[in-house]
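Fold and geometry: a report
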Amino acid sequence: MKKAMLFIVIFASLYIASGMSSVGAEEPDSPTAVISNHHAALRNFTAGAVTQGELDQILAAGVRAPSAGNRQPWHFTVVRNPALANQIVSNMPDGNILIVISASGDGKTNGREILDCALATQSIYLAAQALGLGSRIYTGPMDTINQRFKADLGLPNGYGAVSLVRIGRVLPGIDAVSAASSRKSLDSIVNYK
Ligand SMILES: Cc1cc2nc3c(=O)[nH]c(=O)nc-3n(C[C@H](O)[C@H](O)[C@H](O)COP(=O)(O)O)c2cc1C
């Protein structure tokens, strides 16, 4: 009996702890589950085309992002050319694409424009995952893009890249909830006054 109780206590503690520290803690039907559960920068990309229909929906989500004063300072560049895409993010399987988000200011955009572009980036990232695709945000290659690839990418004059989202098909069997990395507990980052 004592052993059974101990087992139940350990199991319940592990269950609660896992819910506190990882995404997907919400009930599947909760209004926020659509955001929390589609939220992992998976690396299990595989070959396969992203269709134009999917791309249209993803770009529509990006363009609907909110921006300060509704200025919509962003420009989206879809990179489908594998030779060019692989110079920016290496070892991409066939069919993976990049969407480069840029804004005026030659890469020296002010904080407000960067925040606006970040929101568009997030919308693109989540829309791809909502369609069952993999997506990952990158800012690491921004210096390379802004120093070497602005012309190849056809960025508008005076624009600089702020971020990019890689999108592609993913191997089955790994879902965003189980594969997501852990997050800080709410207790450690939220205060109430
Ligand atoms: C602003 C931003 C920039 C990022 N830049 C890179 C990057 O350059 N290279 C990379 O591999 N991942 C990059 N990531 C992905 C993060 O490392 C990833 O989202 C984080 O580790 C959490 O992983 P998870 O969402 O799968 O739980 C970036 C994410 C964000 C939000």
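Here's what I pulled together on the structure shown here.

Thresholds, definitions, all that
Residues numbered from 1 in each chain as written. Predicted model: local features only at pLDDT ≥ 70, side-chain atom pairs only at ≥ 80, totals over all residues. Heavy atoms only, no water. Helix = DSSP H or I, 4+ residues; strand = E, 2+ residues; numbered from the N terminus. Expected span 1.5 Å × (residues − 1). Buried < 20%, exposed > 50% of the residue type's maximum accessible area, 1.4 Å probe, protein only. Arc of directions from axis to C-beta. Contact = heavy atoms within 4.5 Å. Pairing = 2+ DSSP bridges. Phe/Tyr/Trp six-rings, centres within 6.5 Å; stacked < 30°, edge-to-face > 60°. Lys NZ or Arg CZ within 6 Å of the ring centre and 35° of its normal. Salt bridge = Lys/Arg side-chain N within 4 Å of Asp/Glu carboxyl O.

Our focus in this paragraph is helix α6 (residues 142-153). Its 12 residues give α6 an end-to-end C-alpha distance of only 12 Å, which falls more than 12% under 16 Å, the value for a rise of 1.5 Å per residue. M142, I145, F149 and L153 are the residues of α6 that are buried. Looking straight down α6, one finds its buried side chains confined to an arc of 85°; they lie on one side. Those residues of α6 that are exposed and angled more than 90 degrees off the buried face are D143, Q147, R148 and A151.

Below, the discussion takes up helix α3 (residues 52-63). An ideal rise of 1.5 Å per residue puts 16 Å on 12 residues; α3 measures up with 16 Å between its terminal C-alpha atoms. Restricting attention to buried positions, one finds in α3 the residues E54, L55, I58 and G62. Seen end-on, α3 carries its buried residues on one side only, within an arc spanning 95°. Taken together, the buried residues of α3 touch β2 (74-79), β3 (97-104), α5 (111-130) and β5 (159-170).

This paragraph deals with the pairing of β5. Of all 12 residues that make up β5, 9 are buried, and the element is covered over most of its length. As paired strands, strand β1 (residues 45-46) and β5 are joined by 2 bridges and run antiparallel to one another. The residue of β5 that forms the bridge with F45 is V170. Pairing analysis gives 8 bridges linking β3 to β5, with the strands arranged antiparallel. Across the sheet, the residue bridging to S102 is A161, located in β5. Pairing of strand β4 (residues 134-138) with β5, which is carried by 5 bridges, proceeds in the antiparallel orientation. For G134, the partnering residue across the bridge sits in β5 and is G168.

The next thing to look at is the packing of aromatic side chains. Ring pairs (aromatic) are described by centroid distance and by the angle formed between their planes. In the structure shown here, the tally under the stated rule is 1 aromatic pair. When the ring of W74 is compared with that of F76, the centres are 6.2 Å apart and the planes differ by 15°; the resulting orientation is stacked. Side by side, W74 and F76 carry an identical accessibility label, which is buried. Sitting over the ring of F45, R166 keeps its end group 4.1 Å from the ring centre.

Before going further, it helps to examine unusual backbone geometry. Apart from glycine, the bulk of residues carry a negative phi angle, and the bulk of peptide bonds sit in the trans form. The backbone phi angle of N70 is positive, close to 55°, even though this residue is not glycine. Position of N70 relative to the elements: it lies in the loop between α3 and β2. Phi at N91 takes a positive value of approximately 60°, unusual for a residue other than glycine. Tracing the chain through its elements places N91 in the loop between α4 (82-88) and β3.

Glancing now at the pattern of salt bridges. Going through the model one piece at a time under the given rule, you end up with 1 salt bridge. When the shortest N-O distance is used, the salt bridge between R169 and E54 registers 3.0 Å. One end of the pair, R169, is in strand β5; the other, E54, is in helix α3, and 115 residues separate them in sequence.

Function cannot be inferred from these measures alone, as they are strictly geometric.
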